Amino acid sequence: VKSAKIGTFTFDHTTPSGTLVITGVGFRPRLILFTASGTSATHMFSTGSDDGTTHSCQIDINAESAGFWGSNTSESIVLVDGAGKNQAAHITAFGTDGFTLTWTRTGITGAGTDTITYTAFK
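Described below are features of the structure shown in this document. Source: prediction; values computed, not measured.

1. Examining the nonpolar core
Piece 1. In this structure, Ile32, Phe34, Ile77, Phe99, Leu101, Ile116 and Tyr118 are the most contacted members of the largest nonpolar core, which totals 20 residues.
Piece 2. Counting only elements with at least two residues in this core, the list comes to strand 1 (4-12), strand 3 (31-39), strand 7 (77-82), strand 8 (85-95), strand 9 (98-106) and strand 10 (113-121).
Piece 3. Dropping the residues within four chain positions of it, Tyr118 is found in contact with Lys5, Ile6, Gly7, Thr8, Phe9, Ile22, Val25, Ile32, Leu33, Phe34 and Phe99.
Piece 4. Listed in part, the six residues of the second largest apolar core include Ile59, Ile61, Val78 and Ala88.

Okay, here's the thing in structure tokens:
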């Protein structure tokens, strides 16, 4: 019986707000750890955790405020593309084989591909 699964997926940084269903985990997760990075005009990075109720992440906000990091307790991923421009997500459901992320796009984000690595725990 697997108790953890590491996976990865990509996300178009210009995608409008909405949901993204991730499957293929092999079990119903109880906790997900995320590491996310983006490749738009700015370099973006975020790391976070989510159990479906408590969302938390640390954010590289250099694109908005040079040399600074931030934190967020409403989202588990935030990729900042500039002042008032970001993609943020948190888990809104766990399924028998994965989880659903609800993304919120703020502002007009730059083109690029975000890569998200997750570790799911049973």
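2. Quick notes on the environment of Arg30
Piece 1. Structurally, the position occupied by Arg30 is in the loop between strand 2 (18-23) and strand 3.
Piece 2. Separated by 92 residues in the primary sequence, Arg30 and Lys122 place their C-alpha atoms 5.4 Å from one another.
Piece 3. Dropping the residues within four chain positions of it, Arg30 is found in contact with Asp51, Phe94, Phe121 and Lys122.

3. Regarding the sheet that holds strand 1
Piece 1. With antiparallel pairing, six strands are arranged side by side in an open sheet as 1-10-3-4-5-6. Across the chains shown, the open sheet's two edge strands, defined by having one partner strand only, are strand 1 and strand 6 (69-72). Strand-to-strand twist in this sheet, taken as the mean axis angle between neighbours without regard to direction, amounts to 15°.

4. Brief notes about the packing of aromatic side chains
Piece 1. This model, assessed by the stated rule, comprises five aromatic pairs.
Piece 2. Measuring from ring centre to ring centre gives 6.3 Å for Phe9 and Tyr118, while their planes differ by 40°; the resulting arrangement is tilted. Separated by 109 residues along the polypeptide, Phe9 in strand 1 and Tyr118 in strand 10 bring together distant segments of the chain. Neither residue differs from the other here; Phe9 and Tyr118 are each classed as buried.
Piece 3. Consider the rings of Phe11 and Trp103, whose centres lie 3.9 Å apart with planes at 10°: the pair is stacked. Remark: Trp103 occurs in strand 9 and Phe11 occurs in strand 1; sequence separation between them is 92 residues.

What counts, and where the lines are drawn
Residues numbered from 1 in each chain as written. Predicted model: local features only at pLDDT ≥ 70, side-chain atom pairs only at ≥ 80, totals over all residues. Heavy atoms only, no water. Core = buried A, V, L, I, M, F, W, Y, C linked by side-chain atoms within 4.5 Å. Buried < 20%, exposed > 50% of the residue type's maximum accessible area, 1.4 Å probe, protein only. Helix = DSSP H or I, 4+ residues; strand = E, 2+ residues; numbered from the N terminus. Contact = heavy atoms within 4.5 Å. Pairing = 2+ DSSP bridges. Axes fitted to C-alpha atoms, helices over the stretch in contact; angles between N-to-C directions. Phe/Tyr/Trp six-rings, centres within 6.5 Å; stacked < 30°, edge-to-face > 60°.

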